[in-house]
Structures are given as C-alpha cells and as structure tokens.
Amino acid sequence: MAIRRLFVGGNWKCNNTLAQTKDLVNNVLNKLHFDPAKVDVVVAPVFLHVPWVAEHIQKPVQVSVQNTSLTGTGAYTGEISVAHVKDLGLNWAILGHSERRQYYGETNEVVANKVKYAVENGLDVIACVGEHLADREANQTNQVVEGQLEAIRGKLNEAQWEKIVIAYEPVWAIGTGKVATPAQAQEVHEFIRSYLTQKVSQNVSQKTRILYGGSVTEKNAGELIHQKDIDGFLVGGASLKPAFADIVAACNIVKH
Ligand SMILES: O=C[C@H](O)COP(=O)(O)O
C-alpha cells in the first residue's frame with residue numbers, strides 16, 4: 001500500500017472579522033508544530049482576508065481559497081478567477097463544497113468544469129463530494145458520490161488527478177455535531193478508493209488523498225484518522241478554534 005502524506009484542511013467558510021482572523025493566525029496557526037513530510041496543513045479564509053493571511057502565515061501552513069470562478073479574468077462582476085489566486089502565489093482551491101452546491105446552484109457539471117479549469121490553470125483542488133441525509137436513508141450514498149465523482153472524472157486526464165484531493169463530506173454531518181462513525185466514514189472512503197481503482201487507475205487510487213469532513217473535532221480526529229482509507233480532514237467549525245492544533249497533531253503521523 002502506498003504511504004500517503006496526510007492532509008488537514010481548515011475551511012473557515014464565511015466566518016471571522018479581520019481581527020479574529022489575525023488572532024487565529026498569530027495565536028494558533030503560527031504556533032502549530034507538525035512535520036510537513038507527514039501532513040499538509042492548508043487553511044481557507046474568506047477571500048477578503050486571504051492576502052493578509054498569505055502574507056503573515058508561517059510556512060509550512062498553506063493557504064487556499066474556498067471557491068474560484070468558472071472563467072478567466074474579464075467582465076465577470078463579483079467573481080474571483082484562478083489567475084487572481086495564482087497571482088497571490090497560492091496553489092489551492094476548495095471546489096464543490098456542499099454549501100456551494102446547496103445555496104449557489106452548483107451542479108455536478110458546474111463543479112466538474114470548475115475543477116477542470118482550476119487544474120488546467122495550475123491549482124491543486126480539494127474537490128468535495130457527499131450525500132444528503134435523504135440519500136443515505138434511501139441507501140443512495142454510493143450512487144450520489146459516484147455521480148459527483150463521475151462528473152469530475154469526465155473532465156480530467158489521468159495525470160491531472162495528481163492535483164486532486166477528494167473531501168468526502170456527508171451533508172448531514174456538516175456543522176451539525178453528528179459526525180459519521182469511523183465505520184460509516186471508512187465505508188464510503190473505501191468505496192471512493194475502489195471507484196478510483198476501477199475508473200481511473202490503481203496508481204491514482206493509491207496516491208489520491210481522501211479526506212473526511214463533517215463535525216471533526218479534537219475529540220474524534222484520533223479515531224477517524226486511523227481508519228484505513230481516511231487520509232485527513234476538511235475541518236469547518238473546529239478550524240476556527242485552538243482545537244485545530246490538536247487535530248493537526250493527531251494527523252502528524254505516518255500511516256502504513
Ligand atoms: O468544509 C468543512 C465541512 O463543511 C465541515 O464543517 P464542520 O466541521 O463545521 O462540520
């Protein structure tokens with residue numbers, strides 16, 4: 001089995017005043033202790049705070065955006081293009097988060113096109129997938145996740161998967177305190193890995209990091225990270241707190 005470097009993403013969503021962001025960077029993120037050979041740590045502030053964070057955060061913590069435009073630069077009022085992200089020297093974007101899908105009408109097709117455009121223009125992408133509670137109750141979890149992955153797969157060639165991290169985030173577990181059990185998360189992660197083996201390649205399947213997201217805290221991170229196919233987390237609420245340091249510490253390991 002390939003050894004995959006673990007990954008902890010902090011998705012700050014639409015939270016924090018600039019003062020709170022500065023406090024989080026100065027007092028939590030710039031005091032993290034981790035080995036970048038073992039774990040990538042990537043945080044995604046609101047767009048307006050990204051330049052300040054990018055300038056003041058200490059490496060090896062990296063900075064991501066939470067969305068990018070489907071288009072390049074030009075007459076697209078309100079959008080932020082991949083070129084703007086690259087211009088700040090940043091390399092990461094979260095795309096297809098369920099909140100983008102749910103509140104901003106991003107379909108599988110839109111998400112896949114954004115992923116393709118971002119990857120072709122040099123970004124690494126945290127591509128989010130996950131089912132709603134009704135899907136899970138109707139035993140449709142795998143079908144929903146497969147549909148989301150199929151749309152993305154249709155736009156990428158095999159080499160481009162090197163720039164993809166998948167985040168499995170069951171919508172019913174996001175911000176609800178209802179974390180998936182380690183067994184529930186592992187089951188879907190295993191499904192995603194086997195999807196990659198069958199539909200892309202064994203090599204991509206072994207190399208691609210698959211993150212879990214949904215009510216991850218310092219209390220459950222330790223057990224979740226030891227599941228075979230969980231390669232890290234995309235953390236929402238807890239990434240705004242000092243507890244984020246404990247989640248990073250839980251992932252500062254080499255999994256065999
Ligand atoms: O992107 C992060 C996920 O939506 C998880 O959010 P949460 O940790 O607040 O449940």
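Provided above is the structure to which this section pertains.
These numbers were taken from a predicted model, which means no experiment stands behind them.

A. Fine view of the site of the ligand. Residues in contact with the ligand amount to 14 residues; listed here are only the nearest, N11, I174, G213, G236 and G237. A class-by-class count of the residues in the shell around the ligand yields five nonpolar, eight polar and one charged.

B. Region of the structure containing the environment of D231. Here D231 shows up in the loop between α10 (221–225) and β8 (232–235). Judged by the 23 C-beta atoms lying within 10 Å of it, D231 falls in the buried class. Residues D231 and R5 lie 226 residues apart in sequence; the distance between their C-alpha atoms is 7.6 Å. Discounting chain neighbours no more than four positions away, the residues touching D231 are R4, L6, F7, R209, I210 and L211.

C. Quick look at the environment of G213. Relative to the helices and strands, G213 resides in the loop between β7 (210–212) and α10. For the pair formed by G213 and H56, sequence separation is 157 residues and the distance between their alpha carbons is 26 Å. Setting aside its immediate chain neighbours within four residues, G213 contacts A167, E169, I174, F233, L234, V235 and G236.

D. Quick look at the pairing of β8. Here β8 shows two buried faces, one formed by G232 and L234 and the other by F233 and V235. In the sheet, strand β1 (residues 6–11) pairs with β8 via four bridges, with the strands oriented parallel. In the strand pairing of β8, G10 is matched with V235.

E. Geometry of unusual backbone geometry. Residue K59 is joined to P60 through a cis peptide bond whose omega torsion reads 10 degrees. Assignment of secondary structure puts P60 in the loop between α2 (50–56) and β3 (62–65). Non-glycine residue N139 carries a positive phi angle of around 55 degrees. Summarising the element assignment, N139 is placed in the loop between α6 (133–137) and α7 (141–153). Unlike most non-glycine residues, S215 shows phi in positive territory, near 60 degrees.

F. Fine view of helix α5 (residues 108–120). Here α5 spans 18 Å end to end across 13 residues, near enough to the 18 Å set by a 1.5 Å rise per residue. Among the residues of α5, V111, A112, K114, V115, K116, Y117, A118 and V119 are the ones counted as buried. Of the surrounding secondary structure, the elements contacted by the buried residues of α5 are α3 (82–87), β4 (92–95), α4 (98–103), β5 (124–129) and α7.

G. Representation of helix α1 (residues 18–27). By the burial criterion, the buried members of α1 are T21, L24 and V25. Within α1, the buried residues cover an arc of 95 degrees as seen down the axis, which keeps them to one side. Residues of α1 that are exposed and point more than 90 degrees away from the buried face comprise A19, D23 and N27. Those residues of α1 that are buried are in contact with α2.

H. Quick peek at the packing of α7 against helix α8 (residues 182–199). Orientation of α7 relative to α8, taken along the N-to-C sense of each, is 40 degrees, at an axis distance of 11 Å. Between α7 and α8, the crossing angle belongs to the class labelled oblique. The handedness of the crossing between α7 and α8 comes out as right-handed. Counting all contacts with α7, which are made through T141, N142, V145, E146, L149 and R153, the residues of α8 involved are V188, F191, I192, Y195 and K199. The residue makeup of the contact of α7 with α8, split by class, is six nonpolar, two polar and three charged.

What counts and what doesn't
Residues numbered from 1 in each chain as written. Predicted model: local features only at pLDDT ≥ 70, side-chain atom pairs only at ≥ 80, totals over all residues. Near = placed C-beta within 6 Å. Nonpolar A, V, L, I, M, F, W, Y, C, P; charged D, E, K, R; others polar. Helix = DSSP H or I, 4+ residues; strand = E, 2+ residues; numbered from the N terminus. Buried ≥ 20, exposed ≤ 12 C-beta atoms within 10 Å, placed from the backbone. Contact = placed C-beta atoms within 7 Å. Pairing = 2+ DSSP bridges. Expected span 1.5 Å × (residues − 1). Arc of directions from axis to C-beta. Axes fitted to C-alpha atoms, helices over the stretch in contact; angles between N-to-C directions. Parallel < 35°, antiparallel > 145°, perpendicular 65-115°, else oblique. Left-handed = near helix turned anticlockwise from the far one by under 90°.

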